[in-house]
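Breakdown of the fold
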Amino acid sequence: MFAIFMMISFCMDFYYGGMMVLGYIAIPSAHTTIGVYCGVLLLFGGMIGLTLFYGLWNLKNWARLILQIGFPAQVIFNIIIDSMSLDNYFLLAVSIIVATYLQLPNRREQFS
């Protein structure tokens with residue numbers, strides 16, 4: 001179930017990145033310093049996310065490990081860039097819960 005939510009999220013990143021690169025969606029004010037690269041980063045992140053979705057869907061251990069390390073690191077990076085957004089703090093709590101959940105012994109066995 002988590003993999004499906006993750007796929008939807010990264011598809012939206014991919015969509016918003018493409019729309020920012022094409023100029024259909026304005027770049028958020030917190031990211032104006034990097035300009036159009038914000039859209040490029042969202043496109044790149046969307047591709048990486050869809051790869052992670054594939055790994056989670058097929059219970060690959062590499063996807064579990066990347067998600068445990070990468071997701072909290074990405075959220076902390078977002079908090080550094082835009083500390084005023086309360087969504088980032090909510091995502092940090094969710095990422096810690098997911099990382100802890102993936103460390104449970106029965107989850108680790110499923111991904112072996």
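This write-up is about the structure you can find in this document. (Residues numbered from 1 in each chain as written. Predicted model: local features only at pLDDT ≥ 70, side-chain atom pairs only at ≥ 80, totals over all residues. Heavy atoms only, no water.)

Summarising the element assignment, R107 is placed in helix α5 (residues 105–110). It is E109 that comes nearest to the buried, bridge-free R107 among opposite-charge side chains, at 8.8 Å. Here the side chain of R107 touches Y101 through a polar contact of 2.5 Å, side chain to side chain. Ignoring any residue separated from it by four or fewer positions in sequence, one finds R107 in contact with Y101 and L102. (Helix = DSSP H or I, 4+ residues; strand = E, 2+ residues; numbered from the N terminus. Buried < 20%, exposed > 50% of the residue type's maximum accessible area, 1.4 Å probe, protein only. Lys, Arg positive; Asp, Glu negative; His and termini not counted. Salt bridge = Lys/Arg side-chain N within 4 Å of Asp/Glu carboxyl O. Polar contact = N/O pair within 3.5 Å; in protein donor to acceptor, adjacent residues only side chain to side chain. Contact = heavy atoms within 4.5 Å.)

Attention shifts here to the nonpolar core. Judged by nonpolar contacts, the single largest core of 14 residues is most densely connected at M6, L56, L67 and L102. Counting only elements with at least two residues in this core, the list comes to α1 (2–22), α2 (37–57), α3 (61–81) and α4 (86–102). (Core = buried A, V, L, I, M, F, W, Y, C linked by side-chain atoms within 4.5 Å.)

On to the packing of aromatic side chains. Summed over the entire model, instances satisfying the criterion amount to 1 aromatic pair. Judged by centre distance (5.7 Å) and plane angle (40 degrees), the rings of F53 and W57 are tilted. A residue pair is termed a helical-turn pair when its members lie 3 or 4 positions apart in one helix, as F53 and W57 do in helix α2 at 4 residues. The exposure class of W57 is exposed, given its relative accessible area of 52%. (Phe/Tyr/Trp six-rings, centres within 6.5 Å; stacked < 30°, edge-to-face > 60°.)

Our next topic: the side chain of Q68. Among the structural elements, Q68 can be located in helix α3. Overall, Q68 belongs to the buried group, its relative accessible area being 12%. Once you skip the residues sitting within four places of it in the chain, Q68 turns out to touch A99, L102 and Q103.

Okay, a nonpolar patch on the surface next. Together, I4, F5, I8, M12, Y15, Y16 and W57 make up a nonpolar patch on the protein surface, roughly 710 Å² of accessible area in all. With 6 residues, α1 is the largest single contributor of residues to the nonpolar patch. Mapped onto the secondary structure, M12 falls in helix α1. (Patch = residues over 30% accessible without salt bridge, like charges linked within 9 Å, V, L, I, M, F, W, Y side chains within 5 Å. Areas by Shrake-Rupley, 256 points an atom, 1.4 Å probe, with all protein chains shown as cover.)

Even without being glycine, L59 reaches a positive phi, approximately 55 degrees. With respect to the helices and strands, L59 occurs in the loop between α2 and α3. In this structure L59 comes out as partly exposed when scored by relative accessible area, which is 36%.

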